[in-house]
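# Chain and residue survey
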Amino acid sequence: MSQVLVATHNAKKLTELRRILVAEISGVEVLGLDDVAPYDEPPEVENTFEGNALIKARAAVAATSMPSLADDSGICVDALNSMPGVLSARWSGTPRDDARNNELLLAQLADIPDERRHAEFRCAVAFVTPDGDEFIEIGVVRGTILLAGRGSNGFGYDPLFRADGQTYSNAELSADDKDRISHRGRALRDMVPTVAKALRRR
Ligand code: IMP
């Protein structure tokens, strides 16, 4: 069985990434950072999703010699000049807290009418092989920030986000439906052929 490491401690993110990889690549075993020996994880100092995803994937390969994937993602709100962006996880400070982040975002948009509440989730997936080959894919889903949270599936800003063309918030969607439309699903599915090819070579 071929193994790929996903460089995250975020259990919900890992669940989403694993679900998509296992469905698309037969016989793959997907490990997370809690399944390998701990190593020094470098800070995410870049101001792009791509840059931070690469930092995480490169560090994972260097520490484990396993083909490694990393996702860096966040929500970019038009009325906030595309913030929180790469600061999404800790938008309301540390430690990261989804409920507090959502409250802050709602407060920041309190006076913004429906027609100006557009936003997008963005995701960069980086894949780095032990040979040093590096690949990046980007996924985007546009939508609207709701006036209040709805639903309890997913994680992060999912209760506040309704994708264009959907009736429900991301947190009201089933796992399969979120995967089909999500920024992460799009980026990762575009990366799947590259990962499958690299694993076949090993
Ligand atoms: P990262 O772990 O540094 O990539 O932080 C990503 C942050 O962006 C998460 O903690 C969430 O706040 C937000 N985020 C990214 N993807 C999603 C998603 O699919 N749903 C909801 N929030 C997300």
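An account of the accompanying structure is given in this report.

Another aspect to go through is the packing of aromatic side chains. Scanning the entire structure with this criterion turns up two aromatic pairs. Seen in terms of ring centroids, Phe121 and Phe161 are 4.6 Å apart; in terms of plane orientation they differ by 55°. Their pairing is tilted. A residue pair is termed long-range when its members are at least 10 positions apart, and Phe121 in strand S5 (residues 118-128) and Phe161 in strand S7 (residues 161-163) qualify at 40 residues. Aromatic pair Phe127 and Phe135: ring centres 6.1 Å apart, planes at 25°, arrangement stacked. A relative accessible area of 32% places Phe135 in the partly exposed class.

It is worth spelling out helix H2 (residues 49-64) at this point. With 16 residues, H2 should cover 22 Å at 1.5 Å per step; its first-to-last C-alpha distance of 23 Å lies within 8% of that length. Considering only its buried residues, H2 is in contact with strand S1 (2-6), helix H1 (11-24), strand S3 (68-77), S5 and strand S6 (134-145). Residue Ser65 follows H2 closely and has a positive phi angle near 60°.

So, about unusual backbone geometry. Between Met83 and Pro84 the backbone carries a cis peptide bond, its omega angle lying at 0°. Among the structural elements, Pro84 can be located in strand S4 (residues 83-84). In this model, Thr94 is joined to Pro95 through a cis peptide bond whose omega is -10°. As for its position among the elements, Pro95 is in the loop between S4 and helix H3 (98-108). You will see that Asn81, though not glycine, has its phi angle at about 55°, which is positive. Assignment of secondary structure puts Asn81 in the loop between S3 and S4. Note on Asn81: relative accessible area 70%, which makes it exposed. Here the phi dihedral of Ser82 falls at roughly 75°; this positive angle occurs in a residue that is not glycine. Locating Ser82 in the fold gives a position in the loop between S3 and S4.

Below, the discussion takes up the packing of H1 against helix H5 (residues 183-201). Two elements in contact, H1 and H5, have axes separated by 10 Å at closest approach and are oriented at 40°. Taken together, the axes of H1 and H5 are oblique relative to one another. Between H1 and H5 the crossing geometry is right-handed. Side by side, H1 and H5 meet where Lys13, Glu16, Leu17, Ile20, Leu21 and Glu24 of the first sit next to Arg184, Gly185, Leu188, Arg189 and Val192 of the second. When its residues are assigned to classes, the contact of H1 with H5 shows five nonpolar, one polar and five charged.

Attention now goes to the site of the ligand. Residues in close proximity to the ligand total 18 residues, the closest being Lys13, Phe155, Asp158, Lys178 and Arg184. A distance of 2.7 Å separates an oxygen atom of the ligand from a polar side-chain atom of Lys13. When contributions to the shell around the ligand are tallied by element, the ones reaching two or more residues are S3 and H5. By residue number, the principal contributor to the shell around the ligand is S3, which donates four residues. Residues belonging to the shell around the ligand are distributed by class as follows: four nonpolar, five polar and nine charged.

Each value, and the rule that gives it
- Residues numbered from 1 in each chain as written.
- Predicted model: local features only at pLDDT ≥ 70, side-chain atom pairs only at ≥ 80, totals over all residues.
- Heavy atoms only, no water.
- Phe/Tyr/Trp six-rings, centres within 6.5 Å; stacked < 30°, edge-to-face > 60°.
- Helix = DSSP H or I, 4+ residues; strand = E, 2+ residues; numbered from the N terminus.
- Buried < 20%, exposed > 50% of the residue type's maximum accessible area, 1.4 Å probe, protein only.
- Expected span 1.5 Å × (residues − 1).
- Contact = heavy atoms within 4.5 Å.
- Axes fitted to C-alpha atoms, helices over the stretch in contact; angles between N-to-C directions.
- Parallel < 35°, antiparallel > 145°, perpendicular 65-115°, else oblique.
- Left-handed = near helix turned anticlockwise from the far one by under 90°.
- Nonpolar A, V, L, I, M, F, W, Y, C, P; charged D, E, K, R; others polar.
- Near = heavy atom within 4 Å.
- Polar contact = N/O pair within 3.5 Å; in protein donor to acceptor, adjacent residues only side chain to side chain.

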